[in-house]
Amino acid sequence: MGAMRMPLPLMALAVVSAGVAQSALCAPEKMDAIVQTATAMQLQSVDTPKPGANQILIKVYAAGVNPVDWKRRPTQTTLPSGSVLAPIPGYDVAGVVDSVGTGVTNWKAGDAVVSRVTGAFAQYAVVNAEEVAPKPRRLTFEQAGAMPIAGVAGFALAEGANIQPGQRVAIIGAAGGAGSVAVDAAHAKGAKIIASAHSSQHSWLKEQRVEELVAYDKDNVAARIHGVDAALNTADGQADAALGYVKRGGYLVSISGLPTADKCTAAGVTCVQIRGTVPGKTQGESLRMLSRLAEDGKYTPRITKTYPLAEAAAAQQFARTGDSMGKIVLIVDPAKSKAH
Ligand SMILES: NC(=O)c1ccc[n+]([C@@H]2O[C@H](COP(=O)([O-])OP(=O)(O)OC[C@H]3O[C@@H](n4cnc5c(N)ncnc54)[C@H](OP(=O)(O)O)[C@@H]3O)[C@@H](O)[C@H]2O)c1
């Protein structure tokens, strides 16, 4: 008798290596990834990482681009599973679970997910299961790929400011990756927004229903923004100036540095530094809160430009020029990135 033929889905389950993964799609041994060399970012074929205990392997469909990608140089990493991950840049992914390590019970192969990872600019990425959030069903994978870093940062800015309905809230850098999310998150809390952004970005911000606009390249910003209930700062080097916009008893929340504690105390302002999460929450909890906001229709990532994975260097260069609005996303799987 010849070998018994299995239907394809069963075959996919059967290829799981003993003791490592409980269920799996079919990750190949090699994957395409952007590798950071001494002088450049290059598309290379590298080993596909394997999930260790309590980890999952994500098949990446889209990956967001963030300033931290070029601020923090990636290094080669040995994962708990023993696989060696090449120096791959990027932190934001949306995709589906390919396989799960031992101990993972809340995710299974095929689940649509979003996560912050190490080595996002690749066809596969490994992450601890607790850091993963469900992909909001109303978003495409392309949109969800922009969520983790800038989304959580923008959401955390609004969460940290104790915003009450009807309050006037300044957002510094409102057209940026995090700032554009802070606009949605502050609006969801009933705030009226005064946004500081480059004059070239004002018509785009008007479409986001921003109530008042100030041009940091043309206006005297301090003369236009004063006595606000809260200032949410996303612009590098602007935290001290933003403190002056806030009334006594108000909040300055920043993802990019704060004035000294003495200055905050003298101004009678509560200063809050955001460090990658909603205050008091883990990265995973923060991302799952943001995922619910998106599912409820109160937050939609604003993608203004996409690039194929192979053009990661060009995407990064465009993001760094300062001409970008909202988010830039790398399309890792063009056949799946537009799906919901
Ligand atoms: N602490 C955290 O958890 C956390 C999380 C995410 C990001 N970050 C950091 O936060 C910063 C912003 O991140 P991002 O992803 O939002 O970057 P981004 O997409 O580059 O946005 C920054 C925005 O700030 C604007 N801007 C620059 N100078 C300004 C000024 N003087 N006044 C008003 N707006 C100004 C920029 O406008 P132009 O386009 O005109 O330059 C841009 O729209 C980066 O330094 C990033 O590394 C921190």
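Residues numbered from 1 in each chain as written. Predicted model: local features only at pLDDT ≥ 70, side-chain atom pairs only at ≥ 80, totals over all residues. Heavy atoms only, no water.

**What to know about the state of the cysteines**
Here is step 1: Per the counting criterion, the structure on display carries 1 disulfide.
Here is step 2: Bridging Cys-264 to Cys-271, the disulfide has an S-S length of 2.0 Å. Given an S-S torsion of about -100°, the disulfide between Cys-264 and Cys-271 has left-handed geometry.
Here is step 3: The partly exposed category is assigned to Cys-271, whose relative accessible area is 22%. (Disulfide = S-S within 2.5 Å. Buried < 20%, exposed > 50% of the residue type's maximum accessible area, 1.4 Å probe, protein only.)

**Brief notes about the sheet that holds strand S14 (residues 228-233)**
Here is step 1: On the basis of which strands lie adjacent, the open sheet formed by 6 strands has the order S13-S12-S11-S14-S15-S16 and parallel pairing. The open sheet has two edge strands with one neighbour each: strand S13 (212-215) and strand S16 (270-273). Between one strand axis and the next, the sheet turns through 15° on average, direction left out of account.
Here is step 2: Inspection of the sheet shows strand S11 (residues 168-172) paired to strand S12 (residues 192-197) by 5 bridges, in the parallel sense. Across the sheet, residue Ala-170 finds its bridge partner in S12, namely Ile-194. (Pairing = 2+ DSSP bridges. Helix = DSSP H or I, 4+ residues; strand = E, 2+ residues; numbered from the N terminus. Axes fitted to C-alpha atoms, helices over the stretch in contact; angles between N-to-C directions.)

**Quick look at the nonpolar core**
Here is step 1: Met-147, Ile-171, Leu-205, Leu-232 and Leu-290 are the most contacted members of the largest nonpolar core, which has 45 residues in total.
Here is step 2: Element by element, the count of residues in this core is highest for helix H4 (residues 147-159), at 6 residues.
Here is step 3: What Met-147 contacts, discounting residues up to four positions off in sequence, is Val-114, Pro-136, Leu-139, Val-152, Leu-287, Leu-290, Ser-291, Tyr-299 and Pro-301. (Core = buried A, V, L, I, M, F, W, Y, C linked by side-chain atoms within 4.5 Å. Contact = heavy atoms within 4.5 Å.)

**Topic: the pattern of salt bridges**
Here is step 1: A full pass over the atoms with the stated rule returns 13 salt bridges.
Here is step 2: Asp-111 serves as the salt-bridge partner of Lys-108, at 2.9 Å between the closest nitrogen and oxygen.
Here is step 3: Judged by its relative accessible area of 52%, Lys-108 is exposed.
Here is step 4: For Asp-111, a relative accessible area of 16% corresponds to the buried category.
Here is step 5: Notably, a salt bridge pairs Arg-137 with Glu-295, separated by 3.3 Å at the nearest N-O pair. Separated by 158 residues along the polypeptide, Arg-137 in the loop between strand S10 (132-134) and helix H3 (141-144) and Glu-295 in helix H10 (residues 283-295) bring together distant segments of the chain.
Here is step 6: By relative accessible area, Arg-137 is classed as exposed at 64%.
Here is step 7: Residue class for Glu-295 comes out partly exposed when judged on its relative accessible area of 27%. (Salt bridge = Lys/Arg side-chain N within 4 Å of Asp/Glu carboxyl O.)

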